[in-house]
Every structure is written in C-alpha cells, then in structure tokens.
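Each chain, written out:
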Amino acid sequence: MTAISLISSTKCFGGLQKIYSHQSKELACEMKFAVFLPAAAEDRRLPVLYWLSGLTCNETNFIQKAGAQRYATEHNLIVVCPDTSPRNVNLPGEDDSWDFGSGAGFYVDATQEPWSKHYRMFSYVTQELIELINGNFPTVANKMSIAGHSMGGHGALICALKNPGLYKSVSAFAPISNPTRCPWGEKAFGGYLGMDSKEEWKSWDASELVAGYNGPPLELYLDQGSEDSFLKDGQLLPQNLVDACRAAQVPCVLNMREGYDHSYFYVASFIGEHIAYHARHLQ
C-alpha cells in the first residue's frame, strides 16, 4: 500500500477534513489531496465523491469555499479533492502562465515532451488515486461518482465518458465542454498532446466523446451561470455538449442559473443539489 502522510486534520460538521501528501508513481512527484470523512465513516464504509477543481486551483479551494462538508455529512459521502496538476517538477515553462502547466493539468495524459513524464492527470485520477483512497479509507470500493468545476468539470466528464461504468454519476459546474474548439483547450491540448495531433485531441473532449459512449446508462448533469464571463468569451460552450448528447441520445441536463458567474459563490449556491444528485446514484 502506498504510504500517505497527514498534513492537517480539522473537525468540520461532525466529520474530519484532512489533507494528505504522497509520492505519486503516475506523476513522478509528490502530490497532495484532501479527503472529508463524515462521522459515519468511523463505523462503516461509505461511497466516495471525487471533485476535480479548475484552473489555478489546488486541493484546498473546494474544501475551503464550497461548503460541501455540510451536505457530505447529510448524505454520508466521503469527498476526495486532488490537486489540479503535478507540482515542482522543474519543467521549463511550468509556471509561466496560469492556464498551462502548474495548476492547469487539464486531466489529460500528455504525450509531448517534456510534459509526458509528469502530466498524466487522467491516469492519476482514474487509477492511482482511486487505489490510494480505497486502500487507506473506509470506502465502498465500487461506489464512486465524480464532479468538478470549469477545467475540473471537463475532467469529470471525460473521466466518466472514457471509463464506462467506473462512476455511478457525473456532474459539472461551468465545464469546459468542447475544449478542442476554445482557446483554453487549444492551448492546453497543443502543448500536452501536440499541435499536429488534433484527431487525438478529440479523445479528450466531452463533446466528441459522447458520440462513441458505449456503457451503462449515464446522464451528464451540467450547471452553468448565465453571467459567467468565460461563457460569454466562448471558453465553455455548453450548448455544443448538449447538442452532441442529443445527437448521440445520451441523457443530459443543463441547469442554467440566472445571474450567477463562474466563482465559488456560484458553486457554493448549488453544491448541495449536486451532492444530493450523486447520493441518489450512490445508494
């Protein structure tokens, strides 16, 4: 079993909000993750909700700003939040911009040098992290769901679509829904996957993946604020994903939230609905 080191433990809504570090084999560096253990975890195994955060975030943003612990306690769910990229791997340019490199792993497995050695967030989230959590905490190993925000919403969607049956449900706040067609995605995919590999890009794009989805029934549960500046700038493109789902006959719900922006004020306003949604699928 991979060793994990406790960094902090804080009582919250009767449970414990913890942060750990470990040496990741997949990413070849030290990584941190947050895990919330409701009080019920003291005497029985519980399902897990994985949360993927967005650009510039780390393992702390969600646990400090979303207020999710209240609802995780109510529904008896363990909540796990990994960091958003490898850290301190000393790659040239890793800290040069906020939307590529550190804090911006995009949840893909990079194929381009020098990123390919460390930037394997997809495999980390869908394999190594799950094994780590199931090996160290009182989980129901086959009951997990995944959610995320912005870049992390993109990550949650592709993790679910590329691993049919792995997650019981998926939801996303303001996801980057069609990254092959937006500036953020073009920059990240060009750097991590190569500018000459645009066909390969499609295998990391939820709006492209739904057409080939072949697995247990899966609904995409999407949330979007109407006053999100990134929506208006063409970075998120949720309607493209809704249209692709309709064409592929994949169930999709898009909750448009009037007046809300891209911030954690918005996420905190509706995280209770999302956790209740996942709890229904994890029973």
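As a reminder, the structure under discussion sits directly above these lines.
The text that follows walks through the structure, step by step, so that each part is easy to find.

So, how was this worked out
- Residues numbered from 1 in each chain as written.
- Predicted model: local features only at pLDDT ≥ 70, side-chain atom pairs only at ≥ 80, totals over all residues.
- Heavy atoms only, no water.
- Salt bridge = Lys/Arg side-chain N within 4 Å of Asp/Glu carboxyl O.
- Helix = DSSP H or I, 4+ residues; strand = E, 2+ residues; numbered from the N terminus.
- Buried < 20%, exposed > 50% of the residue type's maximum accessible area, 1.4 Å probe, protein only.
- Pairing = 2+ DSSP bridges.
- Axes fitted to C-alpha atoms, helices over the stretch in contact; angles between N-to-C directions.
- Parallel < 35°, antiparallel > 145°, perpendicular 65-115°, else oblique.
- Left-handed = near helix turned anticlockwise from the far one by under 90°.
- Contact = heavy atoms within 4.5 Å.
- Nonpolar A, V, L, I, M, F, W, Y, C, P; charged D, E, K, R; others polar.

1. Section: the pattern of salt bridges
Under the defined criterion, the tally for this structure stands at 9 salt bridges. Between Asp 99 and Lys 187 there is a salt bridge whose closest N-O contact spans 2.6 Å. With Asp 99 in the loop between β5 (78–82) and α3 (121–136) and Lys 187 in helix α5 (residues 183–193), the pair connects residues that are 88 residues apart, well separated along the chain. Lys 187 gets classed as partly exposed once you look at its relative accessible area, which sits at 37%. With its nearest N and O atoms 2.8 Å apart, the salt bridge here joins Lys 232 to Glu 227. On the basis of relative accessible area, Lys 232 is assigned to the exposed category, the value being 56%. When salt bridges with common partners are traced through the structure, they connect Glu 26, Asp 109 and Arg 120 into a single cluster.

2. Looking at the pairing of strand β6 (residues 139–149)
With 6 bridges joining them, strand β4 (residues 46–52) and β6 adopt parallel strand pairing. Bridge pairing in β6 links Val 48 to Met 144. Of the pairings in the sheet, the one linking β6 to strand β7 (residues 170–173) comprises 4 bridges and is parallel in character. Note on β7: the bridge partner recorded for His 149 is Phe 173.

3. With respect to the packing of helix α2 (residues 68–75) against helix α10 (residues 264–282)
Here α2 crosses α10 at 25°, and the two axes come no closer than 9 Å. With respect to α10, the element α2 is oriented roughly parallel. For the element pair α2 and α10, the recorded crossing hand is right-handed. Residue-level contacts link Ala 68, Tyr 71, Ala 72 and His 75 of α2 to Ile 271, Gly 272, Ile 275, Ala 276 and Ala 279 of α10. Tallied by class, residues from the contact of α2 with α10 come to 7 nonpolar, 2 polar and no charged.

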